[in-house]
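# Per-entry structural report
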Amino acid sequence: MSTPEHVDVLIVGAGLSGIGAACQLKTAHPDRSIALLEAREGSGGTWDLFRYPGIRSDSDMFTFGYKWRPWPSETALADGALILDYLRTVAEEHGVDKLIRYRYRVTAASWDSATSRWTVTIDHDGAPLTMTAGFLWGATGYYDYEQGHAPAFPGRETFEEAGGQVVHPQFWPDDLDYAGKDVVVIGSGATAVTLVPSMAPTAGKVTMLQRTPTYILPQPGKDPLAVALRRLPTKISYPIVRGSNIAKLVANYQLAQRLPAVSKRLVRRFTERQLPEGMSYDEHFQPPYNVWDQRLCVVPNSDLFRALRSGQADVVTDTIETFTEKGIRLTSGRELEADIIVSATGLKLKLFGGIDVTVDGEPFEPSETMTYKGLMVSGIPNFVFTIGYTNASWTLKADLVGDYVVRLLAHMDERGLTSVVPVKDPTVGERPFMDLASGYVQRALDGLPKQGDRAPWALKQNYYVDVRSIRRGRIDDGVLQFT
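Residues numbered from 1 in each chain as written. Predicted model: local features only at pLDDT ≥ 70, side-chain atom pairs only at ≥ 80, totals over all residues. Heavy atoms only, no water.

## Topic: the overall build of the protein chain
- Across its full length, the protein chain carries 14 helices and 25 strands.
- Here the protein chain holds 483 residues, and 54% of them are scored as buried.
- Counting only contacts in the protein chain whose residues sit at least 6 apart along the sequence, the fraction spanning at least 24 positions is 70%.
- With an accessible surface of roughly 20,900 Å², the protein chain has 49% of that area assigned to carbon and sulfur atoms.
- Treating the 51 positive side-chain charges of the protein chain as one cloud and the 57 negative ones as another, the clouds have centres 8 Å apart. (Helix = DSSP H or I, 4+ residues; strand = E, 2+ residues; numbered from the N terminus. Buried < 20%, exposed > 50% of the residue type's maximum accessible area, 1.4 Å probe, protein only. Contact = heavy atoms within 4.5 Å. Areas by Shrake-Rupley, 256 points an atom, 1.4 Å probe, with all protein chains shown as cover. Lys, Arg positive; Asp, Glu negative; His and termini not counted. Charge placed at Lys NZ, Arg CZ, Asp CG, Glu CD.)

Below you can see the structure in the form of structure tokens.
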């Protein structure tokens, strides 16, 4: 029997997190062997998976781009194609594209303390493979790529049998023709507010049907500060623009947490002036929760509001009674006619890509563990994961995780250490893994690890706090156990 291939660091996932992780490792630890395993046919993760009209970032690109690789334009909210090109360009520049192995789906990972190694089971085009690694890095994001959240709508079969189409944005058909057709988009999150203005100019009429409004803010398509500083060299302008945007993100979130009524009024002021005459802000744009209890949506150049003002799109706030032959009948009795219904109903969370993890023969039970600094898990040695912020750009946190792993591995090298594991303090109180009221989070909380009520087990959702803790804090802090 042949000996499995061994690498020093095995990264699972070749999206934004995995590519960034590999680039940071190659730069800081060029002598380490690295492999990226990607279950799909191409790199890019989210930005390769989603193909629906208008797919774009919902975070500004100067914080969504890597800290160490400037975003190359003034575009504030970029479309999916630009982001995918950026990621693949960065991978090529660092030679990471040559480390990616496609159609390598990791199904299980088993840690053995006696050898300080992970044994990883892989499905490659239906054939089982095994690799070993000294360090395992989960860069799979936090949602299920195979399934989106799809509620069971009563009457769906009736609608489809009458010739109607039901589409989920996560699996957008390449040949979907919606020209001149009536479209109902169910949902009010980032996907819905992107789809509606993108489809409106081509479709007959697009209606955003929402059960609950979302906070939505207009944002310039180009970053005003980036435009003002365009004559400066990028190495000077990029940190300035990025730093300014980070400060605004943190300040807005802190304002929402500490003065929720003030934050509500500010959002209302910016949004209400964008509405078409006669459209009620309170009915369609005032959520029953505070700002940032769920993720806030931004729309570039007010595109959603322009579509509403043009009459090409509409917003209806109601609940669904049933699908019908002609469309959707609402609880109020109103009927929305539709040729196509888009179920933009959210994501389904999947922790660590659904990998079956065992430690010395014992199965990993997520709900019994606690996350350390939002990047490691109690009781799991030589394992780190990347999950970005829910109140800011994903990449801000991903960069910090990379910085931490680089420092952690250097610390272990200098002392001849082979394993590290966070040891849970039984006196630390438990908190939810994600402090977000969004449905996709609430549906999954019972099966996720906990976070703690104090550092280093608590994640503050504050970039400046995390810079001190993750990028600059002591590695040997008495919580990590080394051997």
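## As for the nonpolar core
- Formed by 141 residues in total, the largest nonpolar core has its most connected members in Ile11 and Leu408.
- Of the residues forming this core, the biggest block, 10 residues, is contributed by helix 12 (residues 394-415).
- Once you skip the residues sitting within four places of it in the chain, isoleucine 11 turns out to touch Gly18, Ala21, Ala22, Leu25, Ile34, Ala35, Leu36, Leu37, Trp137 and Ala139.
- The next biggest cluster of nonpolar side chains, apart from the first, holds 13 residues, and it includes Leu209, Val316, Ile328 and Ala338. (Core = buried A, V, L, I, M, F, W, Y, C linked by side-chain atoms within 4.5 Å.)

## Remarks on the pattern of salt bridges
- Taken as a whole and assessed by the stated rule, the structure comprises 23 salt bridges.
- Here arginine 32 and aspartate 413 are joined by a salt bridge, their closest N and O atoms 2.8 Å apart. Placement of arginine 32 in the loop between helix 1 (16-28) and strand 2 (34-38) and of aspartate 413 in helix 12 is noted, with a sequence separation of 381 residues between them.
- Here lysine 424 and glutamate 430 are joined by a salt bridge, their closest N and O atoms 3.6 Å apart.
- One network of salt bridges, in which partners are shared, links Arg40, Asp48, Arg51 and Arg88. (Salt bridge = Lys/Arg side-chain N within 4 Å of Asp/Glu carboxyl O.)

## Describing the side chain of serine 116
- Take serine 116: it is sitting in the loop between strand 4 (104-112) and strand 5 (117-124).
- Side chain to side chain, serine 116 and threonine 418 meet in a polar contact 3.3 Å long. (Polar contact = N/O pair within 3.5 Å; in protein donor to acceptor, adjacent residues only side chain to side chain.)

## A few points about helix 9 (residues 260-272)
- Helix length check: helix 9, at 13 residues, gives a terminal C-alpha distance of 18 Å against a target of 18 Å (1.5 Å per residue), a fit within 8%.
- Those residues of helix 9 not exposed but buried are Ser263, Val267 and Thr271. Burial along helix 9 is one-sided: seen end-on, the buried residues are contained in an arc of 60 degrees. Residues of helix 9 that are exposed and point more than 90 degrees away from the buried face comprise Arg265 and Arg269.
- The secondary structure elements touched by the buried residues of helix 9 are strand 10 (216-219), helix 8 (234-258), helix 10 (281-284) and helix 11 (303-310). (Expected span 1.5 Å × (residues − 1). Arc of directions from axis to C-beta.)

## Describing the sheet that holds strand 13 (residues 320-323)
- Pairing in this open sheet of three strands is antiparallel, and the strands run 13-14-15 from one edge to the other. Single-partner strands in this sheet number two, and they are strand 13 and strand 15 (335-337). Recorded for the sheet is a direction-independent mean angle of 20 degrees between the axes of neighbouring strands.
- Sheet analysis places strand 14 (residues 327-330) next to strand 15, joined by three bridges and oriented antiparallel. Paired with arginine 329 across the bridge in strand 15 is glutamate 335. (Pairing = 2+ DSSP bridges. Axes fitted to C-alpha atoms, helices over the stretch in contact; angles between N-to-C directions.)

## Describing the side chain of aspartate 48
- Tracing the backbone through its elements, the reader meets aspartate 48 in helix 2 (residues 46-49).
- Note on aspartate 48: relative accessible area 8%, which makes it buried.
- Setting aside residues no more than four positions away along its own chain, aspartate 48 makes contact with Arg40, Gly42, Ser43, Leu84 and Arg88.

## Description of the packing of aromatic side chains
- In total, this model carries 20 aromatic pairs according to the counting rule given.
- Taking the centre distance of 6.2 Å and the plane angle of 70 degrees together, the rings of tyrosine 253 and tryptophan 292 count as edge-to-face. Of the two residues, tyrosine 253 is situated in helix 8 and tryptophan 292 in the loop between helix 10 and strand 11 (297-300); the sequence distance between them amounts to 39 residues.
- Tyrosine 253 gets classed as buried once you look at its relative accessible area, which sits at 9%.
- By way of ring pairs, the aromatic residues Trp111, Trp118, Phe352, Phe364, Phe383 and Phe385 are connected into one cluster. (Phe/Tyr/Trp six-rings, centres within 6.5 Å; stacked < 30°, edge-to-face > 60°.)

## Describing the sheet that holds strand 16 (residues 340-343)
- Taken in spatial order, the five strands of this open sheet run 7-16-8-9-12, and their pairing is parallel. Of all the strands in the sheet, just strand 7 (165-167) and strand 12 (313-317) have a single pairing partner and so form its edges. Averaged over all pairs of adjacent strands, the angle between strand axes in this sheet comes to 20 degrees, irrespective of strand direction.
- Relative to strand 16, strand 8 (residues 182-186) runs parallel, the two being bridged by four bridges. Each bridged residue has a counterpart across the sheet, and for isoleucine 186 the counterpart in strand 16 is serine 343.

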